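Residue-level structure breakdown
In case you want the letters, here they are:
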Amino acid sequence: MLIVSVAYFLLLGSDATVVLNVNTTVSKSVVLPCILMTPTPIGLNNLRFYWQDEGKYVLYSFNKGEEKPAHVKERYQARVTAFPQDMIRGNISVKLRNVTLKDNQKVFQAFAPVSDSRRKPIVTPICQITLHVAVPYESARLTVNEEKMTAVCTTQRGFPKPWVEWRLHYLSDKSQHLVDQRDVNTTAVQDPRDHLYSLRSTIHIPGDQYQSMTCLIYNPTQNETLITTHDLNKGEAEKSLPDWATALTVTVAVVLSLCCSCVAHHMYWRTRQSSSPPDCADL
């Protein structure tokens, strides 16, 4: 009797359920963790557990030392494996392969027989895992129109909907200013076919003296941030020259080029020991 009771573990009712959130990336494999707290190693012939989703579809089943693939729903077949070498230590975790966005927000539960207060075995959820799936966004792009004093930050084909933050960097003391979200116009459009988002965020650049601006796009599931920065023109010296100054610059460049050609021609004739090289005006 003592040996049999070990298979039911020393847990009491559903309030022993462990609730976790697990993040992963599309097309990757992810472990749905679950550990049975047992005082002694578990005999596999006495072990029984299974995993199912919120629709009560089974993704893995184990009973008395054997996997039961016949109980597994088709969508999970060949996608879910366990860790048999660790089961004797109470590890009933499973690995889900080839994750897709269809798995996003799914709730998975592991069930196993446990003993209630009267030592009567009942099947109850041991672990509950909510899966969050991400698709990495492409690199962010920042475009600035300094005449209209506007900035546009864009990124494409990611999931879930990202968070956007703008920062302006002061020229005077190198400090930075976080742009109020009320001054940010952000639009995220979701493709109905693959559910991926494309984002466009726009701000009006205030009239203060700023050195640069930064757009940050954060993927909350992936916990990664795309960062792109644009350096603004610093003062009058770096602005475009007026037309007359441009024309003068071109004229000076042409004169210098002709002078250099003349000197080079004289040196050429001198190396040939010519008695009288032709005048530059004749060239």
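Further up the page is the structure itself.
Residues numbered from 1 in each chain as written. Predicted model: local features only at pLDDT ≥ 70, side-chain atom pairs only at ≥ 80, totals over all residues. Heavy atoms only, no water.

**Quick look at the overall build of the chain**
Scanning the chain from terminus to terminus reveals two helices and 17 strands. As presented, the chain carries roughly 17,700 Å² of accessible surface, and 54% of it is formed by carbon and sulfur atoms. (Helix = DSSP H or I, 4+ residues; strand = E, 2+ residues; numbered from the N terminus. Areas by Shrake-Rupley, 256 points an atom, 1.4 Å probe, with all protein chains shown as cover.)

**Some details on the packing of aromatic side chains**
The full count for this structure, using the stated rule, is seven aromatic pairs. Look at Tyr-50 and Phe-111: their rings are 5.1 Å apart centre to centre, the planes differ by 10°, and that puts the pair in the stacked class. Pair noted here: Tyr-50 is in strand 3 (residues 48–53) and Phe-111 is in strand 8 (residues 107–115), with a separation of 61 residues, a long-range link. With a relative accessible area of 10%, Phe-111 lands in the buried category. The structure contains a cluster of three or more aromatic residues connected by ring pairs, namely Phe-49, Tyr-60 and Phe-62. (Phe/Tyr/Trp six-rings, centres within 6.5 Å; stacked < 30°, edge-to-face > 60°. Buried < 20%, exposed > 50% of the residue type's maximum accessible area, 1.4 Å probe, protein only.)

**A closer look at the sheet that holds strand 10 (residues 141–145)**
The sheet built from four strands is open, its strands ordered 10-11-15-14 with antiparallel pairing. Each end of this open sheet is capped by a strand with a single partner; those strands are strand 10 and strand 14 (184–190). Each adjacent strand pair in this sheet contributes to an overall mean axis angle of 15°, direction not counted. Where strand 11 (residues 150–158) lies against strand 15 (residues 197–204), seven bridges are found, and the strand directions are antiparallel. Each residue of the ladder has a partner; that of Cys-153, found in strand 15, is Ser-201. (Pairing = 2+ DSSP bridges. Axes fitted to C-alpha atoms, helices over the stretch in contact; angles between N-to-C directions.)

**A look at the sheet that holds strand 13 (residues 176–178)**
Strands pair in a sheet through their backbones, by hydrogen bonds, and they do so in one of two ways: parallel or antiparallel. Strand order in the open sheet made by the four strands is 13-12-16-17, with antiparallel pairing throughout. Here the strands that pair on one side only, and so sit at the sheet edges, are strand 13 and strand 17 (224–231). Taking each pair of neighbouring strands and ignoring which way they run, the sheet shows an average axis angle of 20°. As judged from the eight bridges shared by strand 12 (residues 163–170) and strand 16 (residues 210–219), these two strands associate in the antiparallel manner. Looking at the pairing, Tyr-170 lines up with Tyr-210 of strand 16.

**Observations concerning the nonpolar core**
Judged by nonpolar contacts, the single largest core of 30 residues is most densely connected at Leu-32, Phe-49, Trp-51, Tyr-60, Leu-96, Phe-108 and Leu-131. When contributions to this core are tallied by element, the ones reaching two or more residues are strand 2 (30–32), strand 3, strand 4 (58–63), strand 6 (80–82), strand 7 (94–96), strand 8 and strand 9 (121–134). Considering every element that reaches this core, the biggest residue donor is strand 9, with five residues. Not counting chain neighbours up to four residues away, the residues in contact with Leu-32 comprise Trp-51, Leu-59, Ser-93, Val-94, Phe-108, Ile-129 and Leu-131. Counting 18 residues, the second largest nonpolar core, distinct from the first, contains Val-164, Trp-166, Cys-215 and Ile-217. (Core = buried A, V, L, I, M, F, W, Y, C linked by side-chain atoms within 4.5 Å. Contact = heavy atoms within 4.5 Å.)

**Let's talk about the state of the cysteines**
Applying the stated criterion to the full structure yields two disulfides. Across the disulfide, Cys-34 is cross-linked to Cys-127 (sulfur-sulfur distance 2.0 Å). Between Cys-34 and Cys-127, the disulfide has an S-S torsion of 85° and is therefore right-handed. Pair noted here: Cys-34 is in the loop between strand 2 and strand 3 and Cys-127 is in strand 9, with a separation of 93 residues, a long-range link. The exposure class of Cys-127 is buried, given its relative accessible area of 2%. (Disulfide = S-S within 2.5 Å.)

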